[in-house]
Amino acid sequence: MTATRVFDFLYYQKEKNPLDKALNFKESGQWKGYSTDEVVEIVNQLSLGLLAIGLKPEDKVAIVSPNRPEWNFVDFACQQIGVVTVPMYPTITVEDYEYIFQHAEVKMVFASDQELIEKVKTATASLDIKYIFSFDEVEGVNHWKEVKEKDPQGDLKNVEALKDQVKPSDLLTIIYTSGTTGRPKGVMLSHNNIVTNTLGVSQRIMGTMIPGEDSTLSFLPMCHIYERTALYVYIYNSLSVYYAESMDKIGDNIKEVHPNMFTCVPRLLEKVYDKIVSKGYELPLIKRKLFFWAIDLGLKYDPNGDFSGWYLFKLKIARKLIFSKWKEALGGQLKLISSGAAALQPRLARIFWAAEIPVCEGYGLTETSPVITATAAFPEHVRIGAVGKLIDHVEVKIAPDGEILCKGPNVMMGYYKAPELTAEVIQDGWFHTGDIGVVEEGFLRITDRKKEMFKTSGGKYIAPQMMENKFKESTYIEQIMVVGEGRKFPSALIVPNFDTLKDWQADHGITSLDNKSLIAHPKVIKLFQSEISRFNEEFGNWEQIKKFELMETVWGIDTGELTPTLKLKRRIIKDKFKELIERIYMMSN
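Residues numbered from 1 in each chain as written. Predicted model: local features only at pLDDT ≥ 70, side-chain atom pairs only at ≥ 80, totals over all residues. Heavy atoms only, no water.

Colleague: Is there a simple way to think about unusual backbone geometry in this case?
Modeller: For residues other than glycine, phi is negative in most cases, and the peptide bonds are mostly trans. The residue after Ser369, namely Pro370, is reached through a cis peptide bond having omega -5 degrees. Mapping Pro370 onto the fold places it in the loop between strand 14 (359-364) and strand 15 (371-374). You will see that Glu356, though not glycine, has its phi angle at about 65 degrees, which is positive. Within the secondary structure layout, Ser369 lies in the loop between strand 14 and strand 15. Classification of Ser369 by relative accessible area gives buried; the value is 0%. (Helix = DSSP H or I, 4+ residues; strand = E, 2+ residues; numbered from the N terminus. Buried < 20%, exposed > 50% of the residue type's maximum accessible area, 1.4 Å probe, protein only.)

This is the structure we're talking about:
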């Protein structure tokens, strides 16, 4: 069969390569799974139940849940009867829930647990939403299985008839982008948007993965199009999916599942690397020297590099003695890590490839379903600092001002109920990404966000994202935001890596201090000044960080400084620390 609608992927798996363990989850300390046949049966029963309740094509159903099999059950059950899904981040505010429920005209909500049910109830108190179901057993709330059991004797011909009516061009889902300002926008994606993207991405990974044998671990939120399209890639290619228990247990789950691939964002790779390095500092002297010798060697690596026999001999030793332990910590069976949603530091790409853990970068946006470019896990497909080549049927051109424009079947239908916003970003068929980049030998390289670039008072352009990526190569810098629009020079707000800093503190005779006292210590300030000076050498004089302030708490999603995909909410941070920024520049006068 040929897949032309997203739900076709499930039946393609059933026909071509059914799995005994298609979707897997952990319960009471044990991994349990659903076979392909069981998934198909549950999805069909849910479709019948939704029809029995009264849902009809084009109605909207919201899913508010971390990753778990029930998420997919509801998703596919809605798809095949023409019902539109509205996935939502568990972490957003009650106010955003209420706005999205109302804006999308949601008729039914599925939420995972007690905490989210309470948020949903609060958000729907003034709305006409009759049906709320939970995935967990929650007292006083209808359970999702009640929908599945609503019409056990139902005629599947009714479902088949509706499936036949679903066209590739039909609206599949509305995804509300997290954004950094204003109300979220509802991105409308069709079956064809995501099907063509899934097929294009599949070509990049399936030279590495083995259908019916290999497995994946899923932990990025499925409400984000990056992980959701990845899930469709897994299902279409018959890769077993294991859902991580939580973000806190990813490390344990990786060791239990031994996945062959997973998707992640650069921030998580940074944390993995920083944790490994912090362990290196704890080693006895001889082992510590060997560890950092291997790190230095790895940071010089390039998958396409032309290295001497002596370098390759040393790398072989480093891989056997040091990097093999990295591979083991990541399950021992990884064939590739797919990294997206933000720019990956080149040093991380180098070190992981040196450790024989291929990190494959991709690039795209929610509005492009999401993938525009992707990298395969082979050296000839990799350029350090680039995000891969275009996937099939997607075009890119660079506008005169450097903005990346995209055209293809992956470009969204538009923003829901916002034709004027759609017209702003799609002009003559070209979607304006808002990113600045260049194409070199077929590889796309992102240099910054168009809206994030700013000018100093001297009229010089500053590309903050590129600079931040470079400064984060310091093991002492956890997070950084470059500021200085309209000012004489750029400055930075810096969140230290407190784990690494406290190891350094112990080695430098500084008594135990809380974070606030630690960042005010003269030796610590001198350390960070040294780090800033070191990386400033990479930039022109007008770009160099002249002043900085250390922050005592890590920026997070819950505290409002990061989006759910761990990107900086620049406006929020600038507003929150307005007085601090002003003080930086007052001190320079």
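Read on, since the account is not over.
Colleague: Help me understand the packing of helix 11 (residues 266-281) against helix 14 (residues 346-354) in this model?
Modeller: How two helices pack is summed up by the angle between their axes together with the distance between the axes. Where helix 11 contacts helix 14, the axes come no closer than 11 Å and their chain directions differ by 60 degrees. Classified by the angle between their axes, helix 11 and helix 14 sit oblique to one another. Handedness of the crossing formed by helix 11 with helix 14: left-handed. Where helix 11 approaches helix 14, its residues Pro266, Leu269, Glu270, Val272, Tyr273 and Asp274 are matched on the opposing element by Arg347, Leu348, Ile351 and Phe352. (Axes fitted to C-alpha atoms, helices over the stretch in contact; angles between N-to-C directions. Parallel < 35°, antiparallel > 145°, perpendicular 65-115°, else oblique. Left-handed = near helix turned anticlockwise from the far one by under 90°. Contact = heavy atoms within 4.5 Å.)

Colleague: For this particular structure, what's the right way to read helix 1 (residues 8-16)?
Modeller: For the α-helix, the turn length of 3.6 residues means that residues three or four positions removed from each other point alike. Of all the residues in helix 1, the buried ones are Asp8, Phe9, Leu10, Tyr11, Tyr12 and Gln13. Residues of helix 1 that are buried sit in contact with helix 2 (36-53), helix 3 (69-79), helix 7 (156-165), helix 8 (191-205) and helix 9 (225-236).

Colleague: Where do I start with the environment of Ala3 in this structure?
Modeller: Relative to the assigned elements, Ala3 resides in the segment before helix 1. The sequence separation of Ala3 and Leu199 amounts to 196 residues, and the corresponding C-alpha distance is 9.2 Å. Among all residues touching Ala3, those that are not within four sequence positions of it are Asp8, Phe9 and Val195.

Colleague: Explain the packing of aromatic side chains to me, please; I cannot follow it from the model alone.
Modeller: The relation between two aromatic rings is expressed through the spacing of the ring centres and the mutual angle of the planes. Tallied over the full model, the rule gives 25 aromatic pairs. A centroid spacing of 6.0 Å and a plane angle of 10 degrees characterise the contact between Tyr97 and Phe101, whose relative ring orientation is stacked. Taken as a pair, Tyr97 and Phe101 lie in helix 4 (residues 94-104) at a separation of four residues, close to a single helical turn. Looking at Phe101, the relative accessible area reads 1%, which means it is buried. Sitting over the face of the ring of Trp542, Lys460 holds its NZ or CZ atom 5.2 Å from the ring centroid. (Phe/Tyr/Trp six-rings, centres within 6.5 Å; stacked < 30°, edge-to-face > 60°. Lys NZ or Arg CZ within 6 Å of the ring centre and 35° of its normal.)

Colleague: Honestly, the packing of helix 12 (residues 285-298) against helix 13 (residues 309-329) in this entry has me stumped. Any pointers?
Modeller: It is at 9 Å that the axes of helix 12 and helix 13 come closest, and there the two elements cross at 120 degrees. Of the possible angle classes, the one that applies to helix 12 and helix 13 is oblique. For helix 12 against helix 13, the interelement crossing comes out left-handed. Of the residues in helix 13, those touching helix 12 at Leu290, Phe291, Trp293, Ala294, Ile295, Leu297 and Gly298 are Tyr311, Lys314, Leu315, Ile317, Ala318, Leu321, Ile322, Phe323 and Trp326. Across the contact of helix 12 with helix 13, the residue classes break down as 14 nonpolar, one polar and one charged. (Nonpolar A, V, L, I, M, F, W, Y, C, P; charged D, E, K, R; others polar.)

Colleague: Is there a simple way to explain the pairing of strand 26 (residues 491-496) in this structure?
Modeller: Looking along a regular strand, one sees side chains alternate from face to face of the sheet. In terms of burial, strand 26 is largely enclosed, as six of its six residues are buried. Of the two faces of strand 26, both are covered, the one formed by Ser491, Leu493 and Val495 as well as the one formed by Ala492, Ile494 and Pro496. With six bridges connecting them, strand 25 (residues 477-483) and strand 26 associate as antiparallel partners. Each bridged residue has a counterpart across the sheet, and for Val483 the counterpart in strand 26 is Ser491. (Pairing = 2+ DSSP bridges.)

Colleague: Help me understand the sheet that holds strand 13 (residues 336-339), please; the structure alone is not making it clear to me.
Modeller: Reading across the sheet, the nine strands line up as 2-1-11-10-12-13-14-15-16 and stay open at both edges, with mixed pairing between neighbours. Of all strands in the sheet, those with a lone pairing partner are strand 2 (30-34) and strand 16 (389-390), marking the two edges. Pairing geometry for strand 12 (residues 261-264) and strand 13, over four bridges, is parallel. If you follow Cys264 over to strand 13, its bridge partner there is Ser339. Strands strand 1 (23-27) and strand 2 of the sheet are contacted by helix 2, whose axis makes an angle of about 65 degrees with strand 2. Seen against the sheet, helix 9 touches strand 10 (215-218), strand 11 (240-243), strand 12 and strand 13 and runs at an angle of roughly 165 degrees to strand 12.

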